[in-house]
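Coordinate inspection notes
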Amino acid sequence: MREYLLTLCVTAAVTYLLTGPVRKFAIATGAMPEIRARDVHREPTPRLGGIAMFGGLCAGLLVADHLQNLNSVFELSNEPRALLSGAAVIWLIGVLDDKFEIDALIKLGGQFIAAGVMVMQGLTILWLPVPGIGPVSVTAWQGNLLTVALVVITINAVNFVDGLDGLAAGMVCIASAAFFMYAYRIWYGYGIEEAAPATLFAAILMGMCVGFLPHNMHPARIFMGDSGSMLIGLVLAAGAISVTGQVDPDAMKLFAGGKREATHAMLPVFIPLLLPLTIIAIPVADLLLAIVRRTWQGKSPFAADRGHLHHRLLEIGHSHSRAVLIMYFWSALIAFGAVAYSVHSASMWIVLGIVTLSAVGLVLLLLPRFTPRAPRWAEAFVPPRYRRSGREWHSADAADATDVTDEAVDEPQERAPMPAGVNGATAIGPRSRFPERRKAGTSR
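These notes cover the structure that comes with them. (Residues numbered from 1 in each chain as written. Predicted model: local features only at pLDDT ≥ 70, side-chain atom pairs only at ≥ 80, totals over all residues. Heavy atoms only, no water.)

**Description of helix H1 (residues 2-29)**
What counts, and what does not: Put simply, DSSP H or I for four residues or longer makes a helix, DSSP E for two residues or longer makes a strand, and each gets a number counted from the N terminus. Multiplying 1.5 Å by the residue count of a helix minus one yields the expected span of that helix. Fitting one axis to the seven residues ending at a residue and another to the seven starting there, the bend at that residue is the angle between the two axes. Under the scheme applied here, a residue whose accessible area is under 20% of the maximum for its type counts as buried, over 50% as exposed, and between as partly exposed, the area being computed with a 1.4 Å probe on protein chains only.
Helix length check: H1 (28 residues) gives 40 Å between terminal C-alpha atoms against 40 Å at 1.5 Å per residue, within 8%. Maximal helix bending in H1 amounts to about 30°, located at Thr19; proline Pro21 follows within four positions. Taken together, the buried positions of H1 are Glu3, Tyr4, Thr7, Leu8, Thr11, Ala12, Thr15, Thr19, Val22 and Ala26. A positive backbone phi angle near 80° is found at Gly30, which sits one or two residues after H1.

**Considering the pattern of salt bridges**
Just so we agree on the cut-off: Think of a salt bridge as a Lys or Arg side-chain nitrogen and an Asp or Glu carboxyl oxygen that are within 4 Å of each other.
One pass over the structure, following the stated rule, counts three salt bridges. Of the charged contacts, one joins Glu101 and Arg47 as a salt bridge, the two residues approaching to 2.6 Å between their closest N and O atoms. With Glu101 in the loop between helix H4 (79-100) and helix H5 (104-120) and Arg47 in the loop between H1 and helix H2 (50-65), this residue pair connects regions lying 54 residues apart in the sequence. Accessibility expressed as a relative area gives 12% for Arg47, which makes it buried. Between Asp226 and Lys107 there is a salt bridge whose closest N-O contact spans 2.9 Å. Within this pair, whereas Asp226 is found in helix H9 (residues 225-246), its partner Lys107 is found in helix H5, the two being separated by 119 residues in sequence. Each member of the salt-bridge network shares a partner with another, and the members are Asp97, Lys107 and Asp226.

**Quick word on the packing of H4 against H5**
Worth spelling out the cut-off: Helix axes are fitted to C-alpha atoms over the stretch in contact, other axes to C-alpha atoms as well, and angles between N-to-C directions run from 0 to 180 degrees. For classification purposes, an angle smaller than 35 degrees is called roughly parallel, one larger than 145 roughly antiparallel, one from 65 to 115 roughly perpendicular, and anything else oblique. Contact definition: two residues touch when any of their heavy atoms are within 4.5 Å.
The interhelical angle for the contact between H4 and H5, taken along N-to-C directions, is 170°, at an axis separation of 7 Å. Comparing the axis directions of H4 and H5 gives the class roughly antiparallel. Listed contacts from H5 to Ala82, Leu83, Ser85, Gly86, Val89, Ile90, Ile93 and Asp97 of H4 are Lys107, Gly110, Gln111, Ile113, Ala114, Val117 and Met118.

**Considering the side chain of Ser176**
The following threshold applies: Pairs of N or O atoms within 3.5 Å make up the polar contacts considered here, provided that, within protein, one atom can donate a hydrogen while the other can accept it, and that residues adjacent in sequence are counted only when both atoms are side-chain atoms.
Within the fold, Ser176 resides in helix H7 (residues 167-189). Residue classification places Ser176 among the buried residues on the basis of a relative accessible area of 1%. From its side chain, Ser176 meets the backbone oxygen of Cys173 in a polar contact 2.9 Å long. When near neighbours in sequence (up to four residues on either side) are disregarded, Ser176 contacts Ala202, Leu205 and Met206.

**A closer look at the side chain of Thr19**
In this structure, Thr19 sits in helix H1. Residues within four places of Thr19 in sequence aside, it is in contact with Ala52, Phe212, His215 and Ile222.

**Some details on the nonpolar core**
Formally: Only buried Ala, Val, Leu, Ile, Met, Phe, Trp, Tyr and Cys residues count toward a nonpolar core, and they belong to the same one when joined by side-chain atoms within 4.5 Å.
The biggest cluster of nonpolar side chains holds 90 residues, and the ones touching the most others in it are Tyr4, Leu57, Leu200 and Leu234. Ranked by residues supplied to this core, first place goes to H7 with 16 residues. Residues contacting Leu200, with those up to four places away along its chain left out, are Tyr4, Thr7, Leu61, Ala64, Leu70, Val73 and Phe74.

Functional significance is not addressed by these values, which are geometric in nature.
Structure follows, in structure tokens:
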């Protein structure tokens, strides 16, 4: 554990120290794209943060190669070299895209090439866990196709979620921390050395994200760009493929006891392929909602807009930082909940804890909708955000007086419904509580 922590700290330190010079380099080379309509930031911000993250990856692998215990990972396995080769390819494609805005199909082709480079060096899926059956061996072509698909999906999922300052790096850091706990448990708890590469990949990935986050938190001084988002997505997928391709379930002694016990014990085998999905879950949900929304509005499914989940959190009333923290919360709940359930799948307390935390997350998600307003006599005892200004009190009194007059003049008439606003029936945007104030033409 000390060597893993040392590798993590070195990776974080190198990434952190390189990010400052990389920022100056990005400004000097003009890697500062213009602000688009769907962007949240208001000032041009340099990209190319993936250069510093790739430097941290190289430093972490170099340090691990010279440590006493982790050196065996490089001697017994070719997976670290496969990871470095694939990471170099995807990083180069990302750097070119950050500077020159290359075509999407070229980027997709580069992702396939990076995944193919790792497959050619032995980092591939050898078997699949099938519920009710157990591990099933796959042919070389099947394993290669599944590996490439998992790498490409994970890369694009991380790239898709990179929409707010610190969002992608934080979510990947949370997912890699949960994956580190799982892989370390297999390596140390079951004594399976084949899980050591995946544990090393998770530790290095955490270091890359931790070192970059101080520069990327709101307000961000630099963006990771595609060179960073695609890189950390590839490393995340490589860890899952490493465990799935090398760890033998028979060595974990999961099939002892009856059929029911063996089924519960097999849950740790499914976690390597499920944990990358913890970070894909939120982006995929956002992607499906975007396709339905754009199609319903008569637009192309690929047309950019400001209707993503992080945009909606901002429209609801959350601040930039709070929206990111809410996304962190859901990522941690899914990732660590999956790991905890794999350890004690028969414990009802874990299920109840996940359900309770999910309810807390829903309350936090909708909190701006239920912001209370204190009465006038209690305003001195509450924080300023719960107080009404004098203009609001005057408008409220005028609105109440108008309502009373309208009811006295014509009681049978029904009041016209309030318009939904710019967001239609979704009720995402704020709605005014005082329509008469808007008719009078007073300023907000």
